[in-house]
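Next come the chains, spelled out residue by residue.
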Amino acid sequence: MISARPPIDEVRQLWNDCAPVTDDNEVAAWLCSRGLKPHQVALHDLARALPPRYWCPRWASFQGTRWNLSGHRLIVRAVGPGRDGWEWSLRARNILADIPPGSKSASVAMGPGSASGLVYADETARQMLNGSRSDVQLVITEGEPDWLTWSTLNPRGWGVLGIWSGAWVEHLADCIPRGAVVALRTHQDPAGQKYASKIRRSLQGRTTLYQLDDGLEADENDRLQARMLLELNPLSRCSYRSH
């Protein structure tokens, strides 16, 4: 039976064996199809490409098929503070063209519970989580495309976190400096609203919180492709929620 988190040495080895996204035509093409710039993803080491002929360990599989054969070749680190120090895991995004939006097979973890309590974080957000930086404003997004959208836009002075079902836990809220400005930009569907509600409760009274609230179904990556994020302002179309 596979444990919730596989041996960290195996996880690090797979990450180290992945290539820059700019070196893999298929992964780079998927990023371009979402309006994302592969060179920006590679420059900030936000994600890597799993080689198509790589021999994946058993935990790097989806329904018994290894990630590189199931199409899950965009690899992203999930990080966060844990009881034993800094922890991280991997999640894999499917780059096949026939995966419908919102499909549970679009994004997968190393196994049940393997990324719980962890988040996607760009460099600024990682510095905030590990306590080395406190002068951070924060964007919280949902899923890989939205997190990559804001991480590559790289608004000055903002860190970017990405969440998914089961990611957010109380100790992540404890890592956000008191008084920080937070832009909560999860999807405006029932699932996204549920994530947002949980985050709002955990940050109540400790941050200045704004939430995307324009009634549109478009997610952040959709907005990027529709040229709705040109102002690079994480507070755009947000309403004030708490202080």
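This section reports on the structure supplied with the text. Note that the structure is a prediction, hence the values are computed from the model and not measured.

## Thoughts on helix 8 (residues 190-203)
Then, number 1: Spanning 14 residues, helix 8 covers 20 Å between terminal C-alpha atoms, matching the ideal 20 Å at 1.5 Å per step.
Then, number 2: For helix 8, the set of buried residues is Gly192, Tyr195, Ala196, Ile199, Ser202 and Leu203. All buried residues of helix 8 fall inside an arc of 125° around its axis, so they share one side. Pointing more than 90 degrees away from the buried face of helix 8 are the exposed residues Pro190, Lys194 and Arg201.
Then, number 3: On its buried side, helix 8 packs onto strand 9 (137-142), strand 10 (158-163), helix 7 (170-174), strand 11 (181-184) and strand 12 (208-212).
Then, number 4: Downstream of helix 8 by a residue or two, Gly205 has a phi angle that is positive, lying close to 85°.

## A few points about unusual backbone geometry
Then, number 1: Positive phi values are uncommon outside glycine, yet Asp45 reaches one of about 50°.
Then, number 2: Relative to the elements of secondary structure, Asp45 occurs in the loop between helix 3 (38-43) and strand 2 (48-49).
Then, number 3: Of note, the phi angle at Arg227 is positive, near 60°, even though the residue is not glycine.
Then, number 4: Mapped onto the secondary structure, Arg227 falls in the loop between helix 9 (220-225) and strand 13 (238-242).

## Side note on the nonpolar core
Then, number 1: With 68 residues, the main nonpolar core has Trp67 and Leu161 as its most contacted residues.
Then, number 2: By residue number, the principal contributor to this core is strand 5 (residues 72-82), which donates 5 residues.

## Describing the packing of aromatic side chains
Remark: the centre distance and the inter-plane angle together describe each pair of aromatic rings, the angle taken between the planes.
Then, number 1: Counted by the stated rule, this structure contains 4 aromatic pairs.
Then, number 2: Plain terms: the ring middles of Trp59 and Trp67 are 6.2 Å apart, the flat faces sit at 85° to each other, and that makes the pair edge-to-face. For the pair Trp59 and Trp67, a shared accessibility class is recorded, and that class is buried.
Then, number 3: Between Tyr210 and Tyr240 the ring centres are 5.6 Å apart and the planes differ by 70°, which places this aromatic pair in the edge-to-face class. Linking Tyr210 in strand 12 with Tyr240 in strand 13, this pair joins segments that are 30 residues apart in sequence.
Then, number 4: On the accessibility criterion, Tyr210 (24% relative accessible area) is partly exposed.

## Considering the sheet that holds strand 11
Strand pairing in a sheet is mediated by backbone hydrogen bonds. Such pairs are either parallel or antiparallel.
Then, number 1: If you walk across this open sheet you meet the 6 strands as 8-10-9-11-12-13, and the pairing is mixed. Of all the strands in the sheet, just strand 8 (120-121) and strand 13 have a single pairing partner and so form its edges.
Then, number 2: Pairing analysis gives 4 bridges linking strand 12 to strand 13, with the strands arranged antiparallel. Among the inter-strand pairings, Gln211 is bridged to a residue of strand 13, identified as Ser239.
Then, number 3: Helix-sheet contacts for helix 6 (residues 143-153) involve strand 8, strand 9 and strand 10, and the interaxial angle to strand 9 is about 150°.
Then, number 4: Most of the contacts of helix 8 go to strand 12, to which it runs at about 175°, and overall it touches strand 9, strand 10, strand 11, strand 12 and strand 13.

## Quick word on the pattern of salt bridges
Then, number 1: Across all of its chains, the model carries 15 salt bridges by this definition.
Then, number 2: Among the salt bridges present, the one from Asp174 reaches Arg206, with a minimum N-O distance of 3.9 Å. Of this pair, Asp174 sits in helix 7 while Arg206 sits in the loop between helix 8 and strand 12, and the two are 32 residues apart along the sequence.
Then, number 3: For Arg206, a relative accessible area of 13% translates into the label buried.
Then, number 4: Where Glu220 meets Arg223, a salt bridge forms, and the shortest distance between an N and an O atom there is 3.3 Å. On the criterion of helical spacing, the pair formed by Glu220 and Arg223 is a turn pair, its members being 3 residues apart in helix 9. An identical accessibility class is assigned to Glu220 and Arg223; each is buried.

## Some words on the side chain of Asp122
Then, number 1: Inspection of the secondary structure assignment puts Asp122 in the loop between strand 8 and helix 5 (123-129).
Then, number 2: Buried charged residue Asp122 carries no salt bridge. Nearest counter-charge: Arg126, at 6.5 Å.
Then, number 3: A polar contact of 2.9 Å, which involves the side chain of Asp122, links it to the backbone nitrogen of Ala125.
Then, number 4: Not counting residues up to four positions away in its chain, the partners in contact with Asp122 are Leu46, Trp147, Ser151, Trp158, Gly159 and Val160.

Reading the values: the criteria
- Residues numbered from 1 in each chain as written.
- Predicted model: local features only at pLDDT ≥ 70, side-chain atom pairs only at ≥ 80, totals over all residues.
- Heavy atoms only, no water.
- Helix = DSSP H or I, 4+ residues; strand = E, 2+ residues; numbered from the N terminus.
- Expected span 1.5 Å × (residues − 1).
- Buried < 20%, exposed > 50% of the residue type's maximum accessible area, 1.4 Å probe, protein only.
- Arc of directions from axis to C-beta.
- Contact = heavy atoms within 4.5 Å.
- Core = buried A, V, L, I, M, F, W, Y, C linked by side-chain atoms within 4.5 Å.
- Phe/Tyr/Trp six-rings, centres within 6.5 Å; stacked < 30°, edge-to-face > 60°.
- Pairing = 2+ DSSP bridges.
- Axes fitted to C-alpha atoms, helices over the stretch in contact; angles between N-to-C directions.
- Salt bridge = Lys/Arg side-chain N within 4 Å of Asp/Glu carboxyl O.
- Lys, Arg positive; Asp, Glu negative; His and termini not counted.
- Polar contact = N/O pair within 3.5 Å; in protein donor to acceptor, adjacent residues only side chain to side chain.

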